[in-house]
Amino acid sequence: MILNALPFALSFAFLPLAALGALYGGPWMALAPLYAFVAIPALDSIMTLNEARLESDTAEERLIWHRALTWAWVPVQLAMIFGLIWIAASHATLAGWEVAAMTVVVGIASGGIGITYAHELMHQQNRFERMLADILMCSTLYGHFSIEHVYGHHINVATPDDPATARRGETVYRFIPRVVRDGFLGAWRIQREQLAKRGLPLRSRRNAFWRYGAWSGGFLALGALLGGWQGIAIFAGQAVVAVMLLELVDYIEHYGLLRRRKANGRYEPTGPHHSWNSGHQASNWLLINLQRHSDHHYKPRKRFPTLQSYPESEAPQLPHGYPWMVILALVPPLFFRIMEPKLDAWQARFYPGEAV
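In short, a report on the structure.

The rules behind these values
- Residues numbered from 1 in each chain as written.
- Predicted model: local features only at pLDDT ≥ 70, side-chain atom pairs only at ≥ 80, totals over all residues.
- Heavy atoms only, no water.
- Helix = DSSP H or I, 4+ residues; strand = E, 2+ residues; numbered from the N terminus.
- Rg over C-alpha atoms; globule rule 2.2 N^0.38 Å.
- Buried < 20%, exposed > 50% of the residue type's maximum accessible area, 1.4 Å probe, protein only.
- Expected span 1.5 Å × (residues − 1).
- Contact = heavy atoms within 4.5 Å.

## So, the overall build of the chain
Moving on, step 1. Looking only at helices and strands, the chain features 13 helices and zero strands.
Moving on, step 2. Of the regular secondary structure in the chain, the N- to C-terminal order runs α-α-α-α-α-α-α-α-α-α-α-α-α.
Moving on, step 3. Radius of gyration (C-alpha) of the chain: 20 Å, near the 21 Å computed for a compact globule of 356 residues.
Moving on, step 4. When its C-alpha atoms are laid out on the principal axes, the chain stretches across 65 × 55 × 45 Å.

## Notes on unusual backbone geometry
Moving on, step 1. Unlike most non-glycine residues, leucine 141 shows phi in positive territory, near 60 degrees.
Moving on, step 2. Locating leucine 141 in the fold gives a position in the loop between α6 (127-138) and α7 (145-156).
Moving on, step 3. Given the relative accessible area of 33%, leucine 141 is considered partly exposed.
Moving on, step 4. Even without glycine at this site, alanine 158 takes up a positive phi of about 60 degrees.

## As for α6
Moving on, step 1. If you check α6, its first and last C-alpha atoms are 16 Å apart, about what 12 residues at 1.5 Å a residue would give, namely 16 Å.
Moving on, step 2. For α6, the set of buried residues is Glu129, Leu132, Ala133, Asp134, Ile135, Leu136, Met137 and Cys138.
Moving on, step 3. Buried residues along α6 sit against α4 (64-90), α5 (96-122), α7 and α9 (208-253).

Here you go:
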């Protein structure tokens, strides 16, 4: 299985590329963004769409190398964040603008890769992997996402009740402030209800927000210890970039898709056609099959190497992988020009003559 897992290690190229940028500044800082947003989409364009996967019933022990990749990213991400803080504080080689630019680069890694890996880990049932998810999410000051995503988004996806489902015609610039606000409030409400069902008050140590606060506060304190106020600014800055990138991806994953509401007021079950799917090979390797999002929502407990890709007859297809789609989303007229005809085709295919 190690050979099957090896292509998914593309994400680890961020570490040497970011290190070169942090140590030498200048044009070296462009290496990591060029890798993510130019090289990977270029590979997507010349490679065939990939439908290969492992069987859904593959034993956990046979997936150990795939799982180990997600575990190994945790120290890599922390090394990038706090390594940059240490370099900025102890070296005079980086100008102020270079420190700011490298903060964005690290945020791209912690958001694009770190939160993707955290997403895989937070869906698992063992405490070790869920703890690793907490560490990664708190290193971006977004720990509550683990609650809202698993217990909110996956229940309400593709309905008006889900803040992470972008409305048709909604720009990403309206979507991000709304989902950041409503996602936090939704996580707090879910946690309050979960505690109440167990007869526990909000002040209980079982309240996950205390854990998220402790991890996040500890990381901020370490940033201050290594780099003072600059260390805090770098840590917070990369977190902001990471969250913006996460929500850009959220925006494209379900843009404009809705489930039918039945006569009894309930929504139909979530199916593959309620998420945008992408079979682009290089970006799926980089993002550990996150782009096979249709299958993830259809069967959320599946490990990433077992996720399948669906044909257009069963799930709507993105024209590009996520790296290029998030760039397009930043230009709403261009994004709408591409996605509106696809939404019309989705409507005609899955809900002909209906309004959903």
